[in-house]
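# Reading the structure
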Amino acid sequence: MIKFTHNSSATPTVLLTILLIFCAPQLTGSAASARFFYFNPDSAHSNLSSLKQTMDSYLSAEGLNVSFQPFTRFRDFDRQVKETHPAFLFLPEWYLKQDGNDKKFKPFMIPIHESASTYRKVLLVAAGSNLTTDKIDNTTIAMTPMGSAGMTMLEEVIFKQNGINSQTLNVITTAKDSDALFALTLGQVQAALISERNLKAIGEINPQILKTVKTIAVSQPIPLPVLCYAKEVVAAEDLDKFRKSLLEGRQNKDTAQLMEILDIDAWQTPTPQ
């Protein structure tokens with residue numbers, strides 16, 4: 001079976017998230033606001049403090065009494081979703097296919113980046129490595145946490161089609177794509193699976209890093225994270241207000257600032273099922 005290992009290094013982002021979770025005031029009773037949880041490990045944006053500040057300002061400006069909380073660690077996000085029943089969530093699409101979450105949460109808005117609602121992951125090895133897709137079994141690979149439904153998705157979009165026996169892989173989970181990439185460049189793992197867009201973004205900052213790795217497989221398109229709501233929790237008027245604001249896009253200065261930090265070009269409503 002797939003062996004998972006958690007990266008235990010306490011990065012500044014992780015420490016910041018812990019402070020946000022445990023040091024923020026806890027509202028109760030009538031003073032409590034609805035909760036909005038964010039989890040997107042494949043995002044190129046890693047400054048959760050800046051994201052929280054921008055989102056809080058946006059929600060306040062739009063008159064939405066919603067408390068925003070970003071998460072770095074999947075297990076923290078998953079536990080809080082189960083324990084506190086958030087009203088809104090921005091989450092990986094695969095999470096809806098896990099633990100019956102599609103019965104609790106309904107897709108509300110879909111982000112668009114460069115005219116697409118999908119992205120791809122790339123399987124990387126060191127530039128001088130002789131590993132190929134037919135030799136990568138029984139190796140150690142770094143990637144962001146995917147959950148059981150996420151691993152099933154990866155099986156379909158990249159592993160199976162490239163003849164990779166994912167059950168033999170020793171998976172090291174990292175908080176962000178950049179951590180997985182750096183683990184590969186430092187020789188801590190033999191392969192890394194990261195977002196193609198993040199690889200490009202990191203390469204634009206540090207072109208030399210692209211010379212240290214090579215791509216041996218590219219996934220099929222993967223849905224971008226989706227904005228969801230809990231039908232039992234959110235009032236119809238708040239849902240309409242939120243939708244209208246997001247669809248205004250860059251014509252609304254507050255929405256434009258939010259889209260900029262999330263690296264989103266537009267929003268669209270889901271296609272009715």
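In this text, all values refer to a predicted model and were calculated from it rather than measured experimentally.

### Examining the overall build of the protein chain
For the protein chain, the count of helices and strands is 10 helices and 14 strands. Across the 273 residues of the protein chain, 50% fall into the buried class. For the protein chain, the computed accessible surface area is about 13,500 Å², with 51% contributed by carbon and sulfur atoms.

### A look at the environment of Val-213
Position of Val-213 relative to the elements: it lies in strand β11 (residues 213-218). Sequence spacing of Val-213 and Gly-128 is 85 residues, and the spatial spacing of their C-alpha atoms is 7.8 Å. The residues contacting Val-213, other than those within four sequence positions of it, are Leu-124, Val-125, Ala-126, Ala-127, Leu-181, Leu-184 and Thr-185.

### Observations concerning unusual backbone geometry
A positive phi angle is found at His-85, which is not glycine, with a value near 55°. A relative accessible area of 55% means that His-85 is categorised as exposed. The phi torsion at Asp-99 lies on the positive side, around 55°, for a residue other than glycine. By the element assignment, Asp-99 lies in the loop between β4 (88-91) and α4 (101-104).

### Focus on the sheet that holds strand β2 (residues 34-38)
Taken in spatial order, the 6 strands of this open sheet run β3-β2-β4-β13-β5-β14, and their pairing is mixed. Each having just a single partner strand, β3 (66-70) and β14 (266-268) make up the two edges of the open sheet. Sheet twist, expressed as the mean angle between neighbouring strand axes with direction ignored, is 20°. Alignment of β2 against β3, held across 5 bridges, turns out to be parallel. Within β3, the residue paired with Tyr-38 across the bridge is Pro-70. Against the sheet, helix α9 (residues 236-248) touches β2, β4, β5 (105-112), β13 (226-230) and β14, its axis set at about 10° to β5.

### Considering the packing of helix α2 (residues 48-61) against helix α10 (residues 253-262)
Packing of α2 against α10 leaves a shortest axis separation of 9 Å and a crossing angle of 155°. In this view, α2 runs roughly antiparallel relative to α10, as classed from their interaxial angle. With respect to the hand of their crossing, α2 and α10 are arranged in left-handed fashion. Contact residues: Ser-50, Leu-51, Thr-54, Met-55, Tyr-58 and Ala-61 in α2; Asp-254, Thr-255, Gln-257, Leu-258, Ile-261 and Leu-262 in α10. Residue composition of the contact of α2 with α10, by class: 7 nonpolar, 4 polar and 1 charged.

### Comments concerning the confidence of the model for the protein chain
Taken as a whole, the protein chain shows an average pLDDT of 86; of its residues, 88% reach a score of 70 or greater. Predicted confidence in the protein chain is weakest over helix α1 (residues 12-23), with a mean pLDDT of 39, and strongest over strand β7 (residues 121-126), with 98. Here residues 8-31 scores under 50 on pLDDT; set against residues more than four positions off or in separate chains, the count is 23 contacts.

### Here's the deal with the pairing of β2
With α2 bridging β2 and the parallel β3, this β-α-β connection has right-handed handedness. With 3 bridges connecting them, β2 and β4 associate as parallel partners. Note on β4: the bridge partner recorded for Phe-37 is Leu-89.

### A closer look at the packing of aromatic side chains
By the definition in use, this model includes 19 aromatic pairs. Measuring from centroid to centroid gives 6.0 Å for Phe-108 and Tyr-229, while their planes differ by 80°, and the two rings are edge-to-face. Here the residue Phe-108 occupies a position in strand β5, and Tyr-229 occupies one in strand β13, the gap between them amounting to 121 residues. Its relative accessible area of 2% is what places Phe-108 among the buried residues. For Tyr-229, a relative accessible area of 11% corresponds to the buried category.

Cut-off values and rules
Residues numbered from 1 in each chain as written. Predicted model: local features only at pLDDT ≥ 70, side-chain atom pairs only at ≥ 80, totals over all residues. Heavy atoms only, no water. Helix = DSSP H or I, 4+ residues; strand = E, 2+ residues; numbered from the N terminus. Buried < 20%, exposed > 50% of the residue type's maximum accessible area, 1.4 Å probe, protein only. Areas by Shrake-Rupley, 256 points an atom, 1.4 Å probe, with all protein chains shown as cover. Contact = heavy atoms within 4.5 Å. Pairing = 2+ DSSP bridges. Axes fitted to C-alpha atoms, helices over the stretch in contact; angles between N-to-C directions. Parallel < 35°, antiparallel > 145°, perpendicular 65-115°, else oblique. Left-handed = near helix turned anticlockwise from the far one by under 90°. Nonpolar A, V, L, I, M, F, W, Y, C, P; charged D, E, K, R; others polar. pLDDT = per-residue confidence, 0-100. Right-handed = clockwise from strand over helix to strand, strands pointing away. Phe/Tyr/Trp six-rings, centres within 6.5 Å; stacked < 30°, edge-to-face > 60°.

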